[in-house]
Amino acid sequence: MSSVPVKKEHSEKKWASWLIIIVALLAVIGLAVFNSATGKQDPATVASADAVTVDVSVDGMAFVPSSIDVAAGSHLIVNFHNTGDQVHDLKIGREETGRVEPGETVQLDAGVIEESVEGYCTIAGHKMQGMTFMVNVGESASEEHDHAGASEGTGSAGAPAKVPSVAERMAAREGFEAFDASLAPAKGDLHEETWVMTEEEMEVAPGVRQTRWLFNGQAPGPTLRGKVGDTFRITIKNEGSMGHSVDFHAGEVNPDENMKTIQPGESLTYEFVAHRAGIWMYHCSTMPMSLHIANGMAGAVVIDPRGEDALADVDAEYIMTASEVFLASAGKEAEGANAQRVSDGDYDLTAFNYYPNQYDEGLAPLRAKVGDTVRIWLVNLGPDLPLSFHVVGEQFDTVYKEGAYLIKGAKDSGSQALDLLPAQGGFVEMTFNEPGTYSFVNHLMTNAEKGQHGQFIVE
Ligand SMILES: [Cu+2]
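First, a word on scope: everything that follows refers to the structure included in this document. As the structure is a computational prediction, the values presented were derived from the model and not from experiment.

To continue, consider the sheet that holds strand β20 (residues 349–352). With respect to topology, six strands assemble into an open sheet ordered β20-β19-β22-β27-β24-β25, the strand pairing being mixed. The two strands at the open ends of the sheet, each matched to only one other strand, are β20 and β25 (404–407). Each neighbouring strand pair of the sheet contributes to a mean axis angle of 20°, computed without reference to strand direction. In terms of strand pairing, strand β19 (residues 316–325) meets β20 through four bridges, oriented antiparallel. Within β20, the position partnered with Val-325 by the bridge is Leu-349.

Rendered as structure tokens:
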């Protein structure tokens, strides 16, 4: 009788021992699976079915890791830790983290990756300085990357989009709308305006569209005109996706407060009194400035002298800004001008008022009558190259440059070209005595051939 319960007790103990062993085994297996899932054996990627989770941090101006390999069709999740000391973001394909403050972590669902894609920090200039994150797909990924390296690689100059030829640029176009070069007289003593700063796709040459960075939706930005002593109160609202700013050469102000970079969604009121006559450049002064100017963020302020120095009446006044045009890399039009090529000074075209050849005969030539005296205000926006402004078939009897007249109403002397380095400005005056087609050019001839060329049709 007593043996039965003893036996039963023994068998229960045996079961309990087995249970402990099984639980322990399950725990060991579970830990192994967990370790593999947290990526201990591979710092860059771990695939579970077709989902891939990656941890990406920042070291200086680089993402760590800077590239990963995934299988086609992988669903990519990135845990982005901003371990850097300034604001960054990460964009992969159409998905982006938005701005991430130093010390913050944001998870980015990059979606399903079907082909290799280059991620990058969208803050201006950061990509150029090396903040790229390459997602390589499949066996051929490295091969594809090499092939596309010209436009995708870190710090690479990139292949430009197709550059339109002279013939293509000068071909007649119905309904073409040029930047209005006519300059209206100054009005009032207080010039109060609000400008938005945006990034928008637009045509930058015939058949070429890419993103431009703009003051008030236009390149060049709005032309301001006043007289010596006038007050300018310009509020700039940043409706773009990156920091922008403005630097008006026409006034003397504290750069620290007035020219500081304004973050997206913010605004700043920049006030100055124009004490000195001339044509003055303004531009976005957020780094890299070359890129912000190349993408469209520059313009002019014209300040007329008063009293006995007042300008003579003329039949028409025009404004011409000079600049180089940098095309986007093929397939990267949304990014605007290729930052590396801007940095290298490797421009594709040149322009008056930011669009090559726009005042040529087939597009929107300027018009005058025989006997008209015309004043052309000029400012060189660069970012880098000089201007030697000449009008074929004409001589200037008045030339004003950087605060002084070189000649004024000359009768038996004259000028054939006004030379302006970037940020310099002035005006020329001439009288058309015969009907004809008068070309105006940058007499740095190859730059005239690249687009700094327009025409007056005189009847
Ligand atoms: Cu800007």
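Moving on, we get to the coordination of the copper ion. For the copper ion, the full set of protein donor atoms is His-244 (ND1), Cys-284 (SG), His-292 (ND1) and Met-297 (SD), and the range of their distances to it is 2.0 to 2.6 Å. Classification of the site at the copper ion rests on its four donor atoms, whose angles at the metal span 84 to 134°, yielding the label irregular. Positions of the donor residues of the copper ion along the chain correspond to the pattern H-x39-C-x7-H-x4-M. In this pair, Cys-284 is assigned in the loop between β17 (278–283) and α6 (289–294) and Met-297 in the loop between α6 and β18 (298–304), connecting sequence segments 13 residues apart.

Okay, the pairing of strand β27 (residues 425–431) next. Looking along a regular strand, one sees side chains alternate from face to face of the sheet. Within β27, six of the seven residues are buried, which leaves it mostly tucked inside the rest of the structure. In this sheet, β27 lies alongside strand β22 (residues 373–382) in antiparallel orientation, the contact comprising seven bridges. Paired with Leu-378 across the strands is Gly-426, a residue of β27. Pairing of strand β24 (residues 398–401) with β27, which is carried by four bridges, proceeds in the antiparallel orientation. Bridge assignment links Val-399 to a residue of β27, and that residue is Val-428.

Moving on, we come to empty space enclosed by the protein. Within this structure, the stated rule accounts for one cavity of 30 Å³ or more. By volume, the largest cavity is sized at about 40 Å³. Forming the walls of the largest cavity are Ala-322, Ser-323, Glu-324, Thr-350, Asn-380, Leu-385, Pro-386, Asn-442, Asn-447 and Gln-452. Per-element accounting of the lining of the largest cavity gives the leading share, three residues, to β19. Considered class by class, the residues forming the lining of the largest cavity number three nonpolar, six polar and one charged.

Two side chains with opposite charge may pair up if their charged atoms get near one another. Scanning the model with the defined rule gives 19 salt bridges in all. When the shortest N-O distance is used, the salt bridge between Arg-233 and Glu-271 registers 2.7 Å. Taken together, the positions of Arg-233 in strand β14 (residues 231–238) and Glu-271 in strand β16 (residues 267–273) put the pair 38 residues apart, joining distant regions of the chain. Members of the salt-bridge network, linked through shared partners, are Arg-225, Asp-304, Glu-317, Arg-375 and Glu-429.

Criteria and thresholds
What you see as residue numbers is a count from 1 along each chain, following the sequence as written. It should be noted that, the model being predicted, local features are given only for residues of pLDDT at least 70 and side-chain atom pairs only at 80 or more, the latter also being counted only at that level, while totals for whole chains, interfaces and linings use all residues. Derived side-chain values reflect all non-hydrogen atoms in the structure, with water molecules and hydrogen atoms excluded from consideration. Pairing between two strands requires that DSSP report at least two bridges joining them. Numbered from the N terminus, helices here are DSSP runs of H or I no shorter than four residues, and strands are runs of E no shorter than two. To get an axis, fit a line to the C-alpha atoms, keeping to the stretch in contact for a helix; angles then go from 0 to 180 degrees between the N-to-C directions. Atoms are scored as donors when they are N, O or S and lie within 2.8 Å of the metal, with 3.2 Å used for Na, K and Ca; no water is included, so coordination may look incomplete. A four-donor site is called tetrahedral if each angle lies between 85 and 135 degrees; a four-donor site is square planar, and a six-donor site octahedral, when trans pairs exceed 155 degrees and the remaining angles lie between 65 and 115; all other cases are labelled irregular. Whether a residue is buried, partly exposed or exposed follows from its accessible area with a 1.4 Å probe, protein chains only, as a fraction of its type maximum: under 20%, in between, or over 50%, in that order. Whether a set of points on the 1 Å grid over the protein atoms alone is a cavity depends on a 1.4 Å probe fitting there but being unable to get out, while an open set qualifies as a pocket with protein on both sides within 12 Å along at least five of seven lines; lining residues are those with an atom within 4 Å of a point. Grid points are joined across faces, edges and corners, and a volume is the space filled by probe spheres set on the points. Classes in brief: Ala, Val, Leu, Ile, Met, Phe, Trp, Tyr, Cys and Pro nonpolar; Asp, Glu, Lys and Arg charged; the others, Gly included, polar. Salt bridges are identified by distance alone: a Lys or Arg side-chain nitrogen within 4 Å of an Asp or Glu carboxyl oxygen.

Everything listed is a geometric property; what it means functionally is a separate question.
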